[in-house]
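# Structural characterization, general
Here is how the chains run, residue by residue.
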Amino acid sequence: MSRISKNKYDNFKADRSKFPQMENGKAIIDLDSHKFTKLWQGPQHPGVTGNMAVELTISGDEIVQAKTHVGYLHRGFEKLLERRKYIQCFTIVCRICVPEPDTNEYCYSTAVEELAGIEIPEKAKWIRTLNMEMSRLASFLMWLGGQAGSLGMGAIGQWTVGMRDFWLDLFEEMTGGRIYHMYMIPGGVRKDLPEGFIMRAKHLVVETRKLLFDIEKSFFNNAIIKSRLKCLGIITPEMVDEYGIVGPNARASGKEYDVRMNNPYLKYPELDIKMITSMGGDAFTRAEVRYQEIHQTLDLISQILDKIPEKGEIQAKIPNVVNWKIPTGETYVKAESTRGEHGFYVVSDGTKYPRRVYNRGASYTQAISVLEKLAVNTSISDLAGLMVSLHTCPPEIER
Amino acid sequence: MEQILNRLKQKIEIKSVINKRADLYFITIKKEHIELVLSHLKQQENFTHLAFLQAVDYIEDDKFQLTYMLYNYDIKVNLGIKVFIDRDKSEMTSIHKLWPHAWQYQRELKELFGIDFPGSPRVDESFVLEGWEEIPPMRRDFDTLAYSVKTFYQRPGRTTNDPKRYMKEKLYKNFAKSPESGRNDE
């Protein structure tokens with residue numbers, strides 16, 4: 001900090017006469033004093049990112065306390081997985097996360113392959129990498145629309161969701177499904193790329209870049225967006241480890257952690273990829289980091305399309321899946337989703353059924369511990385923007 | 001990684017070490033040593049990221065396995081620390097002082113497995129299940145079918161058919177024989 005600014009604010013004290021008394025860093029809230037109001041944001045509210053609720057205590061329009069409530073989306077996946085055979089589990093895992101199901105598929109399939117000792121063919125690895133990057137892109141586009149929409153700029157949401165739909169068309173060609181693909185089965189992938197797919201994908205990359213150019217002009221150079229997002233929800237570098245923050249949220253605070261580069265998997269070591277970090281730590285920096293990552297993802301997709309081999313096996317030989325017994329063991333496989341480290345911890349006890357499948361999602365801590373901390377002292381109208389800027393995904397919290 | 005484990009071995013007894021991948025290790029330690037091991041790994045060995053804390057139910061041995069998954073940003077290695085605790089009086093030391101977000105995992109484990117973490121913040125609040133009165137649902141002895149039969153009921157006026165017979169009667173009645181023995185009329 002420069003000396004001038006320090007002197008300027010030396011004797012500055014905010015007028016907090018209307019706000020609660022603080023004791024040990026915590027506000028003393030007496031609801032009977034009629035100074036505070038309880039307000040529920042969610043579970044059905046356009047400003048929350050999925051079915052979760054935030055119980056707010058507000059004073060004027062400032063949030064003095066936030067408590068998250070989940071449980072509106074609990075489908076008991078982890079319990080379901082315990083009672084199903086390995087191949088039956090595979091159709092369920094993708095349903096854990098709607099905008100980005102492929103990371104689940106990849107992590108689960110790889111965990112099963114690792115426990116069973118199966119090596120998948122080269123081409124399957126390339127197709128998986130392509131699929132992962134495409135799903136990252138689709139999820140990022142949805143997030144970009146959400147971030148703009150949460151601040152009242154609905155047009156961008158329509159543009160990006162429209163563009164995402166074209167990518168879903170490609171997913172449909174590739175896998176047969178638009179949202180849930182069930183494509184990366186243990187042992188490889190289900191189908192080869194259709195004819196002309198690479199050309200169409202390349203064309204769409206160009207189209208997406210054109211759209212991003214528009215978005216940069218209207219969103220990132222917008223005075224209102226800047227004034228709303230700058231200095232909102234600052235994550236300091238110390239908080240990153242304390243709260244288990246990963247992904248773009250951590251990289252926007254200067255933490256160099258990207259699973260694709262730290263612990264490379266699939267074909268990422270063969271691609272030209274660079275870590276994107278920044279030091280701001282606020283919501284605008286996070287948006288910028290994600291925006292750069294969209295460009296990075298488009299870049300990776302082009303690289304993969306150039307390098308993908310034309311011919312080759314896409315499936316390794318696997319035993320009869322109905323009676324497939326996996327040797328005893330446990331493993332943890334992780335991948336980089338748009339929200340950060342996404343992993344599957346699979347424990348096998350030597351039978352046809354997994355003993356335990358646990359899904360670690362980045363939102364688990366970011367949407368509860370971190371949100372409850374960052375929401376304090378922000379305005380109610382900024383909460384939606386803050387939630388989206390943390391890229392909250394409630395399905396990951398209550399699997 | 002070998003050196004880290006050797007340094008750890010000088011402090012406490014490690015029951016087993018499994019090297020799953022170049023970047024994934026699992027070690028098993030005694031329940032009493034968990035706080036010592038975790039604080040040593042966090043402060044001395046730079047395992048600063050707690051990826052998750054989860055439980056596995058080994059009902060046949062009457063044990064719960066707790067797995068603490070740590071990550072080191074410098075050497076880029078995941079280390080899973082396994083601890084076995086009794087299933088009947090399941091109680092474990094809380095680690096919310098080492099990682100503030102650990103309270104979330106502990107609160108979830110309390111609700112879904114019934115493992116208590118005394119002193120952990122908000123550990124008794126319900127997480128995803130409100131007003132739950134059964135045994136913790138992620139325990140393996142929780143019978144999901146019996147629970148759903150007890151809690152929910154069949155909608156009146158609905159009948160259940162045996163799919164094989166129903167198909168034969170409704171869909172394949174024009175065929176001389178059932179689809180099982182092949183469509184001989186074609």
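Each chain carries its own residue numbering, running from 1 in the direction its sequence is written. Think of it this way: whatever chain is written first is A, whatever ligand is written first is 1, and the rest follow in order. For this predicted model, a pLDDT threshold of at least 70 governs which residues receive local features, and a threshold of 80 or more governs which side-chain atom pairs are given and counted, while totals over whole chains, interfaces and linings are taken from all residues. The side-chain values count all of the structure's non-hydrogen atoms but skip hydrogen atoms and water molecules.

## A few points about the overall build of chain B
Only DSSP runs of H or I covering at least 4 residues are called helices, and only runs of E covering at least 2 are called strands; the numbering of each starts at the N terminus. In terms of helices and strands, chain B carries five helices and five strands. Counting helices and strands in the order they occur from the N terminus, chain B gives α-β-β-α-β-β-β-α-α-α. The globule rule used here is 2.2 Å times the number of residues to the 0.38 power, and the radius of gyration it is set against is calculated over C-alpha atoms. Here chain B has a C-alpha radius of gyration of 25 Å; the compact-globule value for 186 residues is 16 Å, and the former is much larger. By its C-alpha atoms, chain B is 80 × 40 × 30 Å across when sized along the principal axes. Counting every position in chain B, which comprises 186 residues, the buried fraction comes to 44%. Here, two residues are considered to be in contact whenever any of their heavy atoms come within 4.5 Å of each other. For chain B, contacts bridging at least 24 residues in sequence account for 52% of all contacts bridging at least 6. To be clear on the numbers: accessible area is Shrake-Rupley with a 1.4 Å probe, and residue cover counts the displayed protein chains and nothing else. Of the roughly 10500 Å² that chain B leaves accessible, carbon and sulfur atoms contribute 47%. His residues and chain termini do not enter the charge count, which takes Lys and Arg as positive and Asp and Glu as negative. For this purpose, a charge sits on NZ of Lys, CZ of Arg, CG of Asp or CD of Glu. In chain B, 30 positive and 29 negative side-chain charges are present, and the distance between their average locations comes to 4 Å. Whether a residue is buried, partly exposed or exposed follows from its accessible area with a 1.4 Å probe, protein chains only, as a fraction of its type maximum: under 20%, in between, or over 50%, in that order.

## Thoughts on the pattern of salt bridges
Here a salt bridge means any side-chain nitrogen of Lys or Arg lying within 4 Å of a carboxyl oxygen belonging to Asp or Glu. For the coordinates displayed, the defined rule picks out 46 salt bridges over all chains. In this structure, glutamate 133 of chain A and arginine 260 of chain A form a salt bridge, with 3.3 Å as the shortest nitrogen-oxygen distance. Remark: arginine 260 of chain A occurs in helix 11 (residues 259-262) and glutamate 133 of chain A occurs in helix 5 (residues 122-150); sequence separation between them is 127 residues. Each member of the pair, glutamate 133 of chain A as well as arginine 260 of chain A, carries the same accessibility label: buried. Close ionic contact of arginine 122 of chain B with glutamate 372 of chain A constitutes a salt bridge, the shortest N to O distance being 2.9 Å. Of this pair, arginine 122 of chain B sits in the loop between helix 3 (102-112) and helix 4 (144-151) while glutamate 372 of chain A sits in helix 13 (residues 363-374), on two different chains. Residue classification places arginine 122 of chain B among the partly exposed positions, given a relative accessible area of 23%. Here glutamate 372 of chain A falls in the buried class, since its relative accessible area comes to 11%.

## Side note on the sheet that holds strand 4 (residues 63-72) of chain B
Residues and elements named next belong to chain B. A strand pair is defined by DSSP finding two or more bridges across the two strands. On the basis of which strands lie adjacent, the open sheet formed by five strands has the order 1-2-5-4-3 and mixed pairing. Sheet topology places strand 1 (14-21) and strand 3 (49-58) at the edges, where each strand pairs with a single neighbour. Ignoring which end each strand starts from, the neighbouring axes of this sheet average 20° apart. Relative to strand 2 (residues 24-29), strand 1 runs antiparallel, the two sharing six bridges. Across the sheet, residue serine 16 finds its bridge partner in strand 2, namely threonine 28. Sitting on the sheet, helix 2 (residues 34-43) touches strand 2, strand 4 and strand 5 (77-86), and the angle it makes with strand 5 is about 170°. Convention adopted: a line fitted to C-alpha atoms gives each axis, helices being fitted over their contacting stretch, and angles between N-to-C directions are expressed from 0 to 180 degrees.

## Digging into the interface of chain B and chain A
On the chain A side, the residues contacting the 45 residues of chain B number 41 residues. In short, buried area is how much 1.4 Å probe accessible area vanishes from two parts on joining, totalled over both. Buried area between chain B and chain A, both sides added, is near 3800 Å², and the carbon and sulfur share of it is 49%. Counted as a polar contact is a pair of N or O atoms within 3.5 Å, where, for protein atoms, one must be capable of donating a hydrogen and the other of accepting one, and residues adjacent in sequence contribute only when both atoms are in side chains. Summed over the shared surface of chain B and chain A, the result is 29 residue pairs in polar contact (both at pLDDT 80 or more). Mapped by element, the contributors of at least two residues to the side of chain B that touches chain A are strand 1, strand 2, strand 3, strand 4, strand 5 and helix 3 of chain B. Basically, the charged four are Asp, Glu, Lys and Arg, the nonpolar ten are Ala, Val, Leu, Ile, Met, Phe, Trp, Tyr, Cys and Pro, and anything else, Gly included, counts as polar. Grouping the constituent residues of the side of chain B that touches chain A by class yields 23 nonpolar, nine polar and 13 charged.

## Looking at the layout of surface pockets
Using a 1 Å grid laid over the protein atoms alone, points where a 1.4 Å probe fits but cannot get out form a cavity; open sets with protein on both sides within 12 Å along at least 5 of 7 lines form a pocket; any residue with an atom within 4 Å of a point counts as lining. Grid points are joined across faces, edges and corners, and a volume is the space filled by probe spheres set on the points. Reported here for the largest pocket is a volume of approximately 750 Å³. In terms of lining, the largest pocket is formed by 22 residues, of which the most central are Lys26, Gln65, Glu372, Lys373 and Val376 of chain A. Put simply, the parts of the chain that give the lining of the largest pocket at least two residues each are strand 2 (26-27), strand 5 (62-69) and helix 13 of chain A. The biggest single contributor to the lining of the largest pocket is strand 5 of chain A, with four residues. The class makeup of the residues in the lining of the largest pocket is ten nonpolar, five polar and seven charged. Considered as a void within the structure, the second largest pocket measures approximately 540 Å³ in volume. Looking at the second largest pocket, it is lined by 25 residues, and the ones nearest its centre are His74, Gly76 and Lys79 of chain A together with Phe142 and Thr144 of chain B. Elements that contribute at least two residues to the lining of the second largest pocket include exactly helix 2 (77-82) of chain A together with helix 3 and helix 4 of chain B. Looking at the lining of the second largest pocket residue by residue, the class counts come to twelve nonpolar, four polar and nine charged.

## With respect to the pairing of strand 4 (residues 53-59) of chain A
Residues and elements named next belong to chain A. Counting buried positions along strand 4 gives seven out of seven residues, so the element sits mostly inside the fold. Side chains Ala53, Glu55, Thr57 and Ser59 of strand 4 all project onto a buried face; the interleaved residues Val54, Leu56 and Ile58 project onto the opposite face, where all are buried too. Inspection of the sheet shows strand 3 (residues 37-41) paired to strand 4 by five bridges, in the antiparallel sense. Note that in strand 4 the partner of lysine 38 across the bridge is threonine 57.

## Quick word on the packing of aromatic side chains
Residue and element names in this part refer to chain A. Here a Phe, Tyr or Trp ring, Trp counted by its six-membered ring, pairs with any other such ring whose centre lies within 6.5 Å, and the pair is stacked when the planes are under 30 degrees apart, edge-to-face when over 60, and tilted otherwise. Tallied over the full model, the rule gives 20 aromatic pairs over all chains. Taken together, a centroid distance of 4.6 Å and an interplanar angle of 40° make the contact between phenylalanine 220 and tyrosine 291 tilted. Remark: tyrosine 291 occurs in helix 12 (residues 283-307) and phenylalanine 220 occurs in helix 7 (residues 197-220); sequence separation between them is 71 residues. Pair check on accessibility: phenylalanine 220 and tyrosine 291 agree, each one buried.

## Focus on the nonpolar core
Here the nonpolar core consists of buried residues drawn from Ala, Val, Leu, Ile, Met, Phe, Trp, Tyr and Cys, with membership extended through side-chain atoms lying within 4.5 Å. Leu130, Trp167 and Phe219 of chain A together with Tyr68 and Ile81 of chain B are the most contacted members of the largest nonpolar core, which totals 163 residues. Ranked by residue count, the leading element in this core is helix 5 of chain A, at eleven residues.

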